[in-house]
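Analysis of the macromolecular model
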Amino acid sequence: MDAISHIAKFSKMIVFVVIALITSSCPACRAESQLDISEEFTETQYKNHIKEFQRVFGKQIEEEFGLKWVEGGFTHNSSSDEPEFYAYRRATLEEARALVLAVIFKLSEAVHADPIMLSYLNKSSLTPDFLGVDISFVYSHNWSYDDGSIDSVYSYYSKGDISGVKELHLRYDATDPFSDISDFKNIVYYKIEESFEDAVKLNAVTTIINPGIHNPKQFEDELNQILTSFEEEMKEKHSLFFRSIGWMVAGNSASEISEIRTKCTYRYPVDCQEARALMLMTTEKLLATLNNNEILKPYLKEYPFSASGVKLRMLFRKEKYFVGDVPYYDGSMESAVLSGNTITYYHHIPNIKDSNMHDRVVYTEETYQEAQKTFEKTPPLTLFKRVSKGVKNFISNSIHYLELAVIVFFMFLLLMITTGGWIFIIPIIIFFILRRRRSSPSQED
């Protein structure tokens, strides 16, 4: 009987071991068992677990792809509940797609390995196989490049079909360097949306070896250096401040230079004749810079590169402290735009219904070749006009610096009265911060 009893006990033990092995080897069984426990979690316990999951996953992605994790995601306390990352590099559309898909797959893998996260997502009506992430492509101070490359890729979910199943979609945004900031609809010139399934199919036919890095074209570094030098020269010699400049057009081939898109500001009032001269001078210098570079020649879509491949927006503004750049309303030009080989000039006129308001209207337009002919026939400025222009610019600069002096004086006086003078340095710090912000690429009019 003792032997039989021992055999019976041993048999039961074997059964329990087999059940345990089957349960541990079956993900569904293991998940179900642990989910029963996780269902007893309080809201606070869920939040603590999610916070730790985010931290671990964020650090994992930082190490694998060189991204910077932005704390958040899965919390449903904002308009977006996807994990967010910064990629400190440029990206083409294909590179952005490959990177976001790689991170999404990693996220799905991590969630499937965490029964508590599965339970939470089930309560939130989210599918663990299709969780989205957001990635922004930036450089120093988290500013976007604004040069035509991809700014960001966002994930969002469709409303769902009749069965209530939501589908994951991706949206890619890119800022147009040529955009008219007065028309906010044109700030983002490229916005492509695609389903997760379509993104996977498109990614399968591309050859992105490492989604964690940007693979520049053979001419890209040279072109970026040329454009940067061009911006600096135009600022120093001609007082033209370039806001953005680039050559990438999302969706177009990145293997050649087909178009240069840019926007700059000139902080003096000009008439149409002066605006024409500035536009021609800027365009010709840019074309000469491109055409005279031996490295770029093989990659130019057409050689010599012509004005038809340039999109230039020149804004004429006056700088006002604490406000930024504002247009002139004295009848002078508001802007000049070169696009499609045509230059269009704009100015402001009083609004018919409200004299305190102004409307931006077309002053005149001409082809680039017509502008060249008109410029050639235009006599040079007389001595009187040159002196008048110099005096006008001097007065404009004097008023600008007088405004600065008045602001600094009153801020200094106020702090002297209220604090006894020991933190008089604060107005100077504020001034330089504001100046830095106004000159940053991310600041607009």
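Here is a short report on the structure shown in this document. These numbers come from a predicted model, not from an experiment. (Residues numbered from 1 in each chain as written. Predicted model: local features only at pLDDT ≥ 70, side-chain atom pairs only at ≥ 80, totals over all residues. Heavy atoms only, no water.)

1. With respect to the overall build of the chain
- What the chain contains, in helices and strands, is eleven helices and 13 strands.
- The proportion of buried residues among the 445 residues of the chain is 40%.
- Of the contacts formed within the chain by residues at least 6 apart in sequence, a portion of 61% connects residues at least 24 apart.
- As displayed, the chain offers around 25,100 Å² of accessible surface, 58% of which is attributable to carbon and sulfur atoms. (Helix = DSSP H or I, 4+ residues; strand = E, 2+ residues; numbered from the N terminus. Buried < 20%, exposed > 50% of the residue type's maximum accessible area, 1.4 Å probe, protein only. Contact = heavy atoms within 4.5 Å. Areas by Shrake-Rupley, 256 points an atom, 1.4 Å probe, with all protein chains shown as cover.)

2. Section: the packing of helix α3 (residues 43-65) against helix α4 (residues 93-112)
- At a closest axis distance of 11 Å, the pairing of α3 and α4 adopts a crossing angle of 140°. In terms of axis orientation, α3 runs oblique to α4. Here α3 and α4 pass one another in a crossing that is right-handed. When α3 is examined against α4, the residues Phe-53, Phe-57, Gln-60, Ile-61, Glu-64 and Phe-65 are found in contact with a partner set consisting of Leu-99, Ala-102, Val-103, Lys-106, Leu-107, Ala-110 and Val-111.
- Taken together, the residues of the contact of α3 with α4 sort by class into ten nonpolar, one polar and two charged. (Axes fitted to C-alpha atoms, helices over the stretch in contact; angles between N-to-C directions. Parallel < 35°, antiparallel > 145°, perpendicular 65-115°, else oblique. Left-handed = near helix turned anticlockwise from the far one by under 90°. Nonpolar A, V, L, I, M, F, W, Y, C, P; charged D, E, K, R; others polar.)

3. Focus: the side chain of Ser-335
- When you line up the elements, Ser-335 lands in strand β11 (residues 333-339).
- At a separation of 2.5 Å, a polar atom in the side chain of Ser-335 contacts the side chain of Glu-334.
- Leave out the neighbours within four places in its chain, and Ser-335 touches Met-314, Leu-315, Phe-316, Thr-344, Tyr-345, Tyr-346 and Arg-360. (Polar contact = N/O pair within 3.5 Å; in protein donor to acceptor, adjacent residues only side chain to side chain.)

4. Quick look at empty space enclosed by the protein
- Applying the stated criterion across every chain yields a total of three cavities of 30 Å³ or more.
- Considering only enclosed or pocket space, the largest cavity measures out at about 140 Å³ in volume.
- Its residues assigned to classes, the lining of the largest cavity shows eight nonpolar, seven polar and two charged. (1 Å grid on protein atoms, 1.4 Å probe; cavity = no way out; pocket = protein on both sides within 12 Å on 5 of 7 lines; lining within 4 Å. Points joined across faces, edges and corners; volume = space filled by probe spheres on them.)

5. Re the layout of surface pockets
- When its volume is computed, the second largest pocket comes out at roughly 330 Å³.
- Here the residues of the lining of the second largest pocket sort into four nonpolar, eight polar and three charged.

6. A short note on the nonpolar core
- Leu-223, Leu-240, Ile-260, Met-314 and Phe-316 are the most contacted members of the largest nonpolar core, which has 41 residues in total.
- Of all the secondary-structure elements, those providing two or more residues to this core are α7 (220-238), β7 (240-246), β8 (260-266), α8 (272-291), β9 (310-320), β11, β12 (342-350) and α9 (368-377).
- Tallying contributions element by element places α8 first for this core, with nine residues.
- Setting aside chain neighbours within four positions, we find Leu-223 in contact with Trp-247, Ile-257, Leu-290 and Leu-296.
- The next biggest cluster of nonpolar side chains, apart from the first, holds 40 residues, and it includes Phe-53, Ile-104, Met-117 and Tyr-120. (Core = buried A, V, L, I, M, F, W, Y, C linked by side-chain atoms within 4.5 Å.)

7. Remarks on the packing of aromatic side chains
- In total, this model carries eleven aromatic pairs according to the counting rule given.
- Judged by centre distance (5.1 Å) and plane angle (35°), the rings of Tyr-139 and Tyr-145 are tilted.
- Exposure remark for Tyr-139: the relative accessible area of 23% places this residue in the partly exposed category.
- A relative accessible area of 19% places Tyr-145 in the buried class.
- Through a chain of ring-to-ring contacts, the aromatic side chains of Phe-53, Phe-57 and Phe-85 assemble into a single cluster.
- Looking at Arg-267, its charged tip hangs above the ring of Phe-241, at a distance of 4.6 Å from the centre.
- It is Arg-360 that lies over the ring of Tyr-346; its NZ or CZ is 3.9 Å from the centre. (Phe/Tyr/Trp six-rings, centres within 6.5 Å; stacked < 30°, edge-to-face > 60°. Lys NZ or Arg CZ within 6 Å of the ring centre and 35° of its normal.)

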